[in-house]
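Examining the three-dimensional arrangement
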Amino acid sequence: MAATMETAAGTSNMLQFMKLIGQLKRVPRTGWVYRNVKKPESVSDHMYRMAMMSLTITDPTVDKDRCIKLALVHDMAECIVGDIAPSDNVSKAEKHRREEEAMRHLSGLLPVGLKQEIYGLWEEYETQSSPEARLVKQFDLLEMILQAHEYEELEGTPGRLQEFFDSTNGRFHHPDVLRLLSSLNDERGSHMTNTDGTKNSGNSQAASAVSAQPDTTSHTS
């Protein structure tokens, strides 16, 4: 009888966990909301493409499964605290405190093994304590500017979201990421012309970094 009650309680907690993370489908990405993007993506939209970036990474020295898990967990707390943007004037320490509290609640609904794994993944990403966490952070930034480019295309407003590209300068290191960035810049540059007639290719880091860095580099620095 006691075992049955425990099983029922565990199943109920898992259902509550699934309902909570389901909120991520309805939490819009704040940066796009503040810039009046119509029908902005959700947090779960963002994390899904990050997970696909992790799945398609070609570097054999990277733990691909771990990257996918990190991508799926890194913004999980936002189902409770929302997507806190820099312009919200919430300190990094306070943002971390709120998200840590949310993650303790979320992981507390899970069986012990899963609780430790999911909370540990979130903590690993927050502290950037592994090569995989640092790579997934680059995916986070790359996904953001890819989305910015797509919004510019949808709106027919080339360059409107340049600030997002500017914010990522110097933050990409992995050769796979740099190649994607270079391709993105080339595509975006074909739609943008500066006042002097030259092309603006978005993030200025990519071209020189790709040519300077050998393909054998395995991890982010």
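In what follows, the accompanying structure is described. (Residues numbered from 1 in each chain as written. Predicted model: local features only at pLDDT ≥ 70, side-chain atom pairs only at ≥ 80, totals over all residues. Heavy atoms only, no water.)

To continue, consider the overall build of the chain. Scanning the chain for helices and strands turns up 11 helices and 0 strands. Traced from its N-terminal end to its C-terminal end, the chain shows the element sequence α-α-α-α-α-α-α-α-α-α-α. Going through the 221 residues of the chain one by one, you find that 42% of them count as buried. Put simply, 69% of the contacts in the chain that link residues at least 6 apart link residues at least 24 apart. As displayed, the chain offers around 11,700 Å² of accessible surface, 56% of which is attributable to carbon and sulfur atoms. (Helix = DSSP H or I, 4+ residues; strand = E, 2+ residues; numbered from the N terminus. Buried < 20%, exposed > 50% of the residue type's maximum accessible area, 1.4 Å probe, protein only. Contact = heavy atoms within 4.5 Å. Areas by Shrake-Rupley, 256 points an atom, 1.4 Å probe, with all protein chains shown as cover.)

Moving on to the pattern of salt bridges. Overall, the coordinates contain 15 salt bridges when judged by the stated rule. Notably, a salt bridge pairs arginine 29 with glutamate 41, separated by 3.3 Å at the nearest N-O pair. In this pair, arginine 29 is assigned in the loop between α1 (2–22) and α2 (30–34) and glutamate 41 in the loop between α2 and α3 (43–55), connecting sequence segments 12 residues apart. For glutamate 41, a relative accessible area of 5% gives the class buried. (Salt bridge = Lys/Arg side-chain N within 4 Å of Asp/Glu carboxyl O.)

Our next topic: the nonpolar core. Ranked by size, the top nonpolar core spans 48 residues in total, and within it Trp32, Met103, Val136, Phe139, Ile145 and Phe172 carry the most contacts. Counting only elements with at least two residues in this core, the list comes to α3, α4 (64–73), α6 (92–108), α7 (112–127), α8 (131–155), α9 (162–166) and α10 (175–189). Among the elements that take part in this core, α8 stands out by supplying 10 residues, more than any other. Every residue in contact with valine 136, bar those within four places of it in the chain, is listed here: Met50, Ser54, Cys67, Leu70, Ala71 and Tyr125. (Core = buried A, V, L, I, M, F, W, Y, C linked by side-chain atoms within 4.5 Å.)

A complete count under the given rule lists 3 aromatic pairs for this structure. Seen in terms of ring centroids, tryptophan 32 and tyrosine 151 are 5.2 Å apart; in terms of plane orientation they differ by 75 degrees. Their pairing is edge-to-face. Taken together, the positions of tryptophan 32 in helix α2 and tyrosine 151 in helix α8 put the pair 119 residues apart, joining distant regions of the chain. The pair tryptophan 32 / tyrosine 151 is uniform in exposure class, with both members buried. Three or more aromatic residues joined by ring pairs make a cluster, and in this case those are Trp32, Tyr151 and Phe164. (Phe/Tyr/Trp six-rings, centres within 6.5 Å; stacked < 30°, edge-to-face > 60°.)

Another aspect to go through is the side chain of glutamate 124. Along the chain, glutamate 124 falls in helix α7. The exposure class assigned to glutamate 124 is buried, which follows from its relative accessible area of 9%. Reaching out from glutamate 124, the side chain makes a polar contact with the side chain of arginine 66 at a distance of 2.5 Å. Discounting chain neighbours no more than four positions away, the residues touching glutamate 124 are Arg66, Leu70, Ser129, Ser130 and Ala133. (Polar contact = N/O pair within 3.5 Å; in protein donor to acceptor, adjacent residues only side chain to side chain.)

Even without being glycine, asparagine 36 reaches a positive phi, approximately 60 degrees. Backbone geometry places glutamine 128, a non-glycine residue, at a positive phi of 50 degrees. If you trace the backbone, glutamine 128 turns up in the loop between α7 and α8. Glutamine 128 gets classed as partly exposed once you look at its relative accessible area, which sits at 24%.

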